[in-house]
Protein chains: 2
Amino acid sequence: MKIDSQKPTDLSAQIAQAIRSAIVSGELIVNARLPSEAELSEQFQVSRPTVREALKRLAAQSLIRTQRGASGGAFVNRIGFEDAYSQQITTSTLLLSMNSVSFDTACEARYALERACAPLSAQRRTPDQLATMRAEIFRQAQPGLTDEAFCASDVAFHRALVDGAGNPVLSYQLAGAVEAMQPLMNMITFTARSREAIINLHVTIADALEAQDAATVDATLADLEIYTRQLAHDVAERKRKPA
Amino acid sequence: MKIDSQKPTDLSAQIAQAIRSAIVSGELIVNARLPSEAELSEQFQVSRPTVREALKRLAAQSLIRTQRGASGGAFVNRIGFEDAYSQQITTSTLLLSMNSVSFDTACEARYALERACAPLSAQRRTPDQLATMRAEIFRQAQPGLTDEAFCASDVAFHRALVDGAGNPVLSYQLAGAVEAMQPLMNMITFTARSREAIINLHVTIADALEAQDAATVDATLADLEIYTRQLAHDVAERKRKPA
DNA sequence: AGACTTTTAAATGTCAGACAAATAAAATCG
DNA sequence: CGATTTTATTTGTCTGACATTTAAAAGTCT
């Protein structure tokens, strides 16, 4: 692991990259202890604050965790699905909100991915997941629900659908796609009529999942995509030419 | 933005979280300049190194960028697809390699996601993407290719397929799934016979994409998934009971 | 006045040294 | 032998300083 003190990039970034490479390549295995900050600063010929900045960069990516005290130090972290979820969601959310990705593009991606889960979910969904979906449908039907709460419930419903596939890797990959849509969905005003339409589609999906009818789930998700895009389109239309 | 100096968590982590929230919530917009390190340390009542550690955490997530010199400072970064890609890939790779996700689980997720792209890709693939796929197929047929190079070319082929959907959000989401499989795939020994089988499937996929025949693409991806899992199964079998 | 050069100021990057706090292991004592 | 105290190690934080980069201000010459 070497760094070049002449390069224009920050030393702390170079050191972080060197350690990151060692972790990704498997040179440093899970739970391995890194040298102490003092040793690292000796090894890289930099000061301790610089080493610390590098370590904090890695900690921000959940690549390492630190422990104080004797026999403490920085350890290669076994990254868990929970950590990965939250990172993915933050990144995806910012990506969508800051890069002016069109609603249609995001929506298309989301439903394409969800439909990928449909066959597996129809096959494997647990009673618990079905119950979650029914509960969210019930919540969505409550009168006086704010648009934000409606969206949040919608996200919960779809997460249950995705989790139904029983594949943690799929759940992880889709968490970003589904959750990141929420801010975009929040811009939509859901009328009583549109809520009813969405709820009906949700009921159809839940019923089809219970009946293990993958084809209907797929078709209904396609309908839901079309309906959602239509709603967004109407909102955009109304905004452009307000009554 | 407030922090609690009594909490057992690191101050730099708290400060990073406070700023992160401000960015995610939209309180700090893209290209907005954060207060200088000196001002932040005043504001949070901590020292400058502590503030710097917090800023480095955010920089590691591409949430901010820093610029030196007068009128420099830390700016809210517009996160690009490139940044998001690489972060996703590192996270996904580590997640798969460190969490002992079974090959079957990862493989199932990957092909489910790829099949989600198939219809869109059949519809929109550009001549350029078709050419990339043909070129990779050609490379895969070269004799004397190492297993690693074969896998790398396989990844390139599948990325072209995914990019064919013409949806950057899909490409971003799938980059992790496809690339993260590479280390797992590298554990497989590809015989001349198995390479030929895979290449034939790749040809079928490329042909079907060119003919905009989504159904064949989907079916062939399903075949490829079955074949890949069979290969991995054989390798595992042979390792358990070596001849 | 205008274009070029020099100076200055502000900001991040880096360093050195110190102390605080946590923690596990070693040493001590009943 | 068990409980307690001491000690050493390591991260967390602070202070203060200097180096480097960069843009803007000041100055200078034509």
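Residues numbered from 1 in each chain as written. Chains lettered and ligands numbered in written order. Predicted model: local features only at pLDDT ≥ 70, side-chain atom pairs only at ≥ 80, totals over all residues.

**Student:** Which residues make up the overall build of chain A, and what values do they have?
**Tutor:** Scanning chain A for helices and strands turns up 11 helices and two strands. Written out in order from the N terminus, the α and β elements of chain A read α-α-α-β-β-α-α-α-α-α-α-α-α. Taking 243 residues into account, the globule formula puts the C-alpha radius of gyration at 18 Å, and chain A, at 23 Å, lies well above it. Expressed as lengths along the three principal axes of its C-alpha atoms, the size of chain A is roughly 65 × 45 × 30 Å. A total of 243 residues make up chain A; the buried ones form 40% of that total. (Helix = DSSP H or I, 4+ residues; strand = E, 2+ residues; numbered from the N terminus. Rg over C-alpha atoms; globule rule 2.2 N^0.38 Å. Buried ≥ 20, exposed ≤ 12 C-beta atoms within 10 Å, placed from the backbone.)

**Student:** Explain the relation of the copies chain A and chain B to me, and be specific about the residues and the numbers.
**Tutor:** These two copies of the chain differ by a rotation about an axis and a displacement along the same axis. For the match of chain A to chain B, the screw axis carries a shift of 0.1 Å, the RMSD comes to 0.1 Å, and the turn is 180 degrees. Here the two chains are linked by the operation of a two-fold rotation axis. When the interface residues of chain A are mapped onto chain B, 100% of them again lie at the interface, so the same face is used by both copies. (Least-squares fit on C-alpha atoms with pLDDT ≥ 70 in both. Contact = placed C-beta atoms within 7 Å.)

**Student:** Go over the environment of B:Lys56, please, and point to the residues and values.
**Tutor:** Residues and elements named next belong to chain B. Mapped onto the fold, Lys56 is located in helix 3 (residues 48–60). The buried category is assigned to Lys56, around which 26 C-beta atoms lie within 10 Å. Taking the C-alpha atoms as reference points, Lys56 and His202, separated by 146 residues in sequence, lie 44 Å from one another.

**Student:** How would you summarise the protein's contact with DNA strand C if you had to cite specific residues and measurements?
**Tutor:** Surveying the vicinity of DNA strand C reveals 24 residues, the closest of which are A:Leu11, A:Val46, A:Thr50, A:Gly69 and A:Ala70. Within the residue set of the surface near DNA strand C, elements represented by two or more residues are helix 1 (11–24) and helix 3 (48–60) of chain A together with helix 2 (37–44), helix 3 and strand 2 (73–76) of chain B. For the surface near DNA strand C, the per-class residue count stands at eight nonpolar, 11 polar and five charged. (Near = placed C-beta within 6 Å. Nonpolar A, V, L, I, M, F, W, Y, C, P; charged D, E, K, R; others polar.)

**Student:** Lay out the interface of chain A and chain B with the relevant residues and their values.
**Tutor:** One frequent convention defines the size of an interface as the accessible area lost when the parts assemble. With 40 residues of chain A at the contact, the number on the chain B side is 40 residues. At the level of secondary structure, the elements contributing two or more residues to the side of chain A that touches chain B comprise helix 1, helix 3, helix 4 (81–98), helix 5 (103–124) and helix 8 (168–180) of chain A. Looking at which element gives the most residues to the side of chain A that touches chain B, the answer is helix 5 of chain A, with 10 residues.

**Student:** Describe the protein's contact with DNA strand D, with residues and values.
**Tutor:** Of all residues adjacent to DNA strand D, which total 25 residues, the nearest are A:Ala70, B:Leu11, B:Ser47, B:Gly69 and B:Ala70. It is helix 3 of chain B that provides the largest number of residues to the surface near DNA strand D, a total of three residues. Grouping the constituent residues of the surface near DNA strand D by class yields eight nonpolar, 11 polar and six charged.

**Student:** Mind laying out the packing of helix 6 (residues 127–140) of chain B against helix 10 (residues 192–210) of chain B, listing which residues take part and the relevant values?
**Tutor:** All names here are of chain B. Running from N to C, helix 6 and helix 10 cross one another at 165 degrees; their axes reach a closest spacing of 10 Å. Between helix 6 and helix 10, the angle falls in the class roughly antiparallel. Relative to helix 10, the crossing made by helix 6 is left-handed. Each of Leu130, Met133, Arg134, Ile137 and Gln140 in helix 6 lies in contact with helix 10, whose residues at this interface are Arg195, Ile199, His202, Val203, Ala206, Leu209 and Glu210. When grouped by side-chain class, the residues that make up the contact of helix 6 with helix 10 number seven nonpolar, two polar and three charged. (Axes fitted to C-alpha atoms, helices over the stretch in contact; angles between N-to-C directions. Parallel < 35°, antiparallel > 145°, perpendicular 65-115°, else oblique. Left-handed = near helix turned anticlockwise from the far one by under 90°.)

**Student:** Help me get a handle on the nonpolar core, residues and values and all.
**Tutor:** Of all hydrophobic cores here, the largest spans 86 residues; its most connected members are A:Cys117 and B:Cys117. Residues in contact with B:Cys117, not counting those within four places in the same chain, are A:Ala112, B:Leu161, B:Val162, B:Ala165, B:Leu170 and B:Leu174. Grouped together as the second largest cluster of nonpolar side chains are 36 residues, A:Ile23, A:Leu28, B:Ile23 and B:Val51 included. (Core = buried A, V, L, I, M, F, W, Y, C linked by C-beta atoms within 7 Å.)

**Student:** Summarise the pairing of strand 2 of chain B; cite the residues concerned and give the values.
**Tutor:** All names here are of chain B. In terms of strand pairing, strand 1 (residues 64–67) meets strand 2 through four bridges, oriented antiparallel. Bridge pairing links Arg65 to Phe75 in strand 2. In sequence, strand 1 turns back onto strand 2 through a hairpin of five residues, with Gly69 there showing a positive phi of about 90 degrees. (Pairing = 2+ DSSP bridges.)

**Student:** Let's hear about the packing of helix 10 (residues 192–210) of chain A against helix 11 (residues 214–240) of chain A: which residues, and what values?
**Tutor:** All names here are of chain A. Contact geometry for helix 10 and helix 11: axes closest at 9 Å, N-to-C directions at 165 degrees. Here helix 10 is positioned roughly antiparallel relative to helix 11, judged by the angle of their axes. Regarding helix 10 and helix 11, the two cross each other, and that crossing is left-handed. Facing helix 10, whose interface residues are Ser194, Ala197, Leu201, Thr204, Ile205, Ala208 and Leu209, helix 11 presents Thr216, Val217, Thr220, Leu221, Asp223, Leu224, Tyr227 and Leu231. Considered class by class, the residues forming the contact of helix 10 with helix 11 number 10 nonpolar, four polar and one charged.

**Student:** Outline the environment of A:Ser71, listing residues and values.
**Tutor:** Checked against the element boundaries, A:Ser71 lands in the loop between strand 1 (64–67) and strand 2 (73–76). Residues A:Ser71 and A:Ser36, 35 residues apart in the sequence, show an inter-C-alpha distance of 9.6 Å.

**Student:** Residues and numbers for helix 8 (residues 168–180) of chain B, please.
**Tutor:** Residue and element names in this part refer to chain B. Its 13 residues place the ends of helix 8 18 Å apart at the C-alpha level, agreeing with the 18 Å of an ideal helix rising 1.5 Å per residue. Of all the bends in helix 8, the greatest measures close to 35 degrees and is centred on Leu174. Of all 13 residues in helix 8, 11 are buried; the element is thus mostly enclosed. Buried within helix 8 are the following residues: Val169, Leu170, Tyr172, Gln173, Leu174, Ala175, Gly176, Ala177, Val178, Glu179 and Ala180. (Expected span 1.5 Å × (residues − 1). Bend = angle between axes of the 7 residues up to and from the residue.)

Honestly, it's all geometry; don't read function into it.
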